[in-house]
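The chain contents come next:
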Amino acid sequence: MSAGTPIRRVGFIGIGNMGWPMAANLHKAGFEIAVCDAVAGHATRFANEVGGRAATDPADAAQGVDAVVTILPTSKHVESVVQSMRGSLPRGALLIEMSSGIPLVTRRLADLLSPDGIEVVDAPVSGGVSRARSGELAIMAGGAATVLDRAEPVLRAMSTTIHRVGAVGAGQAMKALNNLVSAGGFLVGIEALLIGQKFGLDPALMVDVLNASTGMNNSTQKKFKQFVLSRRFDSGFGLDLMVKDLTIALDVGRGTDTPTPFAALCRELAASAAALLGPGQDHTALAQLSERLAGTALSGSDRPPDA
């Protein structure tokens, strides 16, 4: 296989909340896919319900493919998967790393795979589970232009927006910084709703006003009513993953000697919420930390948040 071969066969590693619909859209677009997941039976269920081949492990998923997509919780997981695939990935194949990972680790993986004839791009996504299902994700891509050209048909099958932001690792840096901005908007918005509720304003009405005013952001539009005021806290993106992404953003800040006092506070609040609430929490449950500090819940009543 040459490095310019069009991509038709794809190994897809990681079919969780985001990976499942993303892989389903690749299958729908006509790519031949082999799926693999750490959860026993998950790949088989995907093959039965959606299509494609259920691979027994990452090395099996990499057999004979033109590209492998990885979307995993951390760069540590990606490193482990890449090591297990090295003997199976054909020369000329492409690794499309779509995890919200650590940019320097991804660059190290690119250097590791280069002698094997494997090129790497990083292409983390934004948009959440709903846009993963609809194929309307936004992708922040890093890599050489010619390699991104080759990867683009795969990325287009899962997204409506692809921003080429720089060399390998730049996509992941951009994704972490995007999530930093998102977290900052969420945190200050929740505090504003709590202030307003204590003053006597209706939080739901406040959200409507914010969405018609300059305070509008992604959280006011797509999170506050849907997941906080509803008390559902089930957007599909974990609080632990938010903490990870904010940590990556701070690491990028340190690496560039950029002062980050507000970013550090956002990360500390998210980590404190994760410690307070325990594992398995949705990132929108971050609101509960502010609620406990304020002694009231954003539910249209003055009952304490743990009542």
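The structure this text deals with has already been given above.
The shown structure was predicted, so the numbers you read here are calculated from the model rather than taken from an experiment.

Definitions and cut-offs
- Residues numbered from 1 in each chain as written.
- Predicted model: local features only at pLDDT ≥ 70, side-chain atom pairs only at ≥ 80, totals over all residues.
- Heavy atoms only, no water.
- Helix = DSSP H or I, 4+ residues; strand = E, 2+ residues; numbered from the N terminus.
- Rg over C-alpha atoms; globule rule 2.2 N^0.38 Å.
- Buried < 20%, exposed > 50% of the residue type's maximum accessible area, 1.4 Å probe, protein only.
- Contact = heavy atoms within 4.5 Å.
- Areas by Shrake-Rupley, 256 points an atom, 1.4 Å probe, with all protein chains shown as cover.
- Lys, Arg positive; Asp, Glu negative; His and termini not counted.
- Charge placed at Lys NZ, Arg CZ, Asp CG, Glu CD.
- Phe/Tyr/Trp six-rings, centres within 6.5 Å; stacked < 30°, edge-to-face > 60°.
- 1 Å grid on protein atoms, 1.4 Å probe; cavity = no way out; pocket = protein on both sides within 12 Å on 5 of 7 lines; lining within 4 Å.
- Points joined across faces, edges and corners; volume = space filled by probe spheres on them.
- Nonpolar A, V, L, I, M, F, W, Y, C, P; charged D, E, K, R; others polar.
- Pairing = 2+ DSSP bridges.
- Salt bridge = Lys/Arg side-chain N within 4 Å of Asp/Glu carboxyl O.
- Core = buried A, V, L, I, M, F, W, Y, C linked by side-chain atoms within 4.5 Å.
- Axes fitted to C-alpha atoms, helices over the stretch in contact; angles between N-to-C directions.
- Parallel < 35°, antiparallel > 145°, perpendicular 65-115°, else oblique.
- Left-handed = near helix turned anticlockwise from the far one by under 90°.

Focus: the overall build of the chain
When helices and strands are tallied, the chain shows 14 helices and 9 strands. Taken against the 2.2 N^0.38 rule, which gives 19 Å for 307 residues, the C-alpha radius of gyration of the chain at 21 Å falls within 12% of a compact globule. If one aligns the C-alpha atoms of the chain with their principal axes, the spans along those axes are about 65 × 45 × 35 Å. Burial status across the chain gives 50% buried among its 307 residues. Contacts in the chain between residues at least 24 apart in sequence constitute 66% of all its contacts with a sequence separation of at least 6. A total accessible area of about 13700 Å² is found for the chain, and carbon and sulfur atoms account for 57% of it. For the chain, the distance from the average site of its 27 positive side-chain charges to the average site of its 28 negative ones is 2 Å.

Some remarks on the packing of aromatic side chains
Summed over the entire model, instances satisfying the criterion amount to 2 aromatic pairs. Centre to centre, the rings of Trp20 and Phe46 are 4.9 Å apart; their planes meet at 75°, and the pair counts as edge-to-face. With Trp20 in helix α1 (residues 19–28) and Phe46 in helix α2 (residues 42–49), the pair connects residues that are 26 residues apart, well separated along the chain. Here Trp20 matches Phe46 in class, with each residue buried.

Re the layout of surface pockets
Each pocket or cavity is described by its volume, and for the second largest pocket that value is around 200 Å³. Around the second largest pocket, the lining residues are Ile102, Pro103, Leu104, Arg107, Gly169, Ala170, Ala173, Ile248, Asp251, Val252, Gly255 and Thr256. Among the residues forming the lining of the second largest pocket, the class breakdown is 7 nonpolar, 3 polar and 2 charged.

Re the pairing of strand β8 (residues 137–142)
Among the 6 residues of β8, 6 are classified as buried, and the element is accordingly described as predominantly covered. The two faces of β8 match: Leu137, Ile139 and Ala141 on one face and Ala138, Met140 and Gly142 on the other face are all buried. Bridge count for strand β7 (residues 125–126) against β8 is 2 bridges, and the pairing is antiparallel. Paired with Ser126 across the two strands is Ala138, which belongs to β8. Strand direction decides the pairing type here: β8 and strand β9 (residues 159–166), joined by 6 bridges, are parallel. Its bridge partner being in β9, Ala138 is matched across the sheet by Thr161.

What about the side chain of Asn179?
Tracing the chain through its elements places Asn179 in helix α8 (residues 170–199). Asn179 sits in the buried class, given a relative accessible area of 11%. Residue contacts for Asn179: discarding those within four places in its chain leaves Phe237, Asp245 and Leu246.

Notes on the pattern of salt bridges
Evaluation of the coordinates by the stated rule reveals 13 salt bridges. For Arg164, the salt bridge is made with Asp149, and the minimal N-O distance between the two is 2.8 Å. A residue pair is termed long-range when its members are at least 10 positions apart, and Arg164 in strand β9 and Asp149 in helix α7 (residues 145–156) qualify at 15 residues. Given a relative accessible area of 38%, Arg164 falls into the partly exposed group. When the shortest N-O distance is used, the salt bridge between Arg232 and Asp234 registers 3.1 Å. Here Arg232 falls in the partly exposed class, since its relative accessible area comes to 48%. For Asp234, a relative accessible area of 39% corresponds to the partly exposed category. Each member of the salt-bridge network shares a partner with another, and the members are Asp149, Glu152, Arg156 and Arg164.

As for the nonpolar core
As a rule of thumb, soluble globular proteins bury nonpolar side chains together. With 37 residues, the main nonpolar core has Phe12, Met22, Leu26, Ile96, Met98 and Leu155 as its most contacted residues. Counting residues in each nonpolar core, the second largest holds 31 residues, with Ala176, Ile190, Leu239 and Leu289 among its members.

Structural notes on the packing of helix α4 (residues 75–85) against helix α5 (residues 103–113)
Relative to each other, α4 and α5 sit at 10°, their axes nearing to 10 Å. One way to sum up the angle between α4 and α5 is to call them roughly parallel. On α5, the residues touching Ser75, Val78, Glu79, Val82 and Gln83 of α4 are Val105, Arg108, Leu109, Leu112 and Leu113. In terms of residue class, the contact of α4 with α5 is built from 6 nonpolar, 2 polar and 2 charged.

Observations regarding the packing of α8 against helix α14 (residues 287–294)
Close contact between α8 and α14 brings their axes to 10 Å; oriented N to C, the two are set at 35°. You can see that α8 and α14 cross each other, and the crossing is right-handed. Only Ala287, Ser290, Glu291 and Ala294 of α14 make contact with α8, whose side of the interface consists of Phe186, Ile190, Glu191, Leu194 and Lys198. Per-class residue counts for the contact of α8 with α14 are 5 nonpolar, 1 polar and 3 charged.

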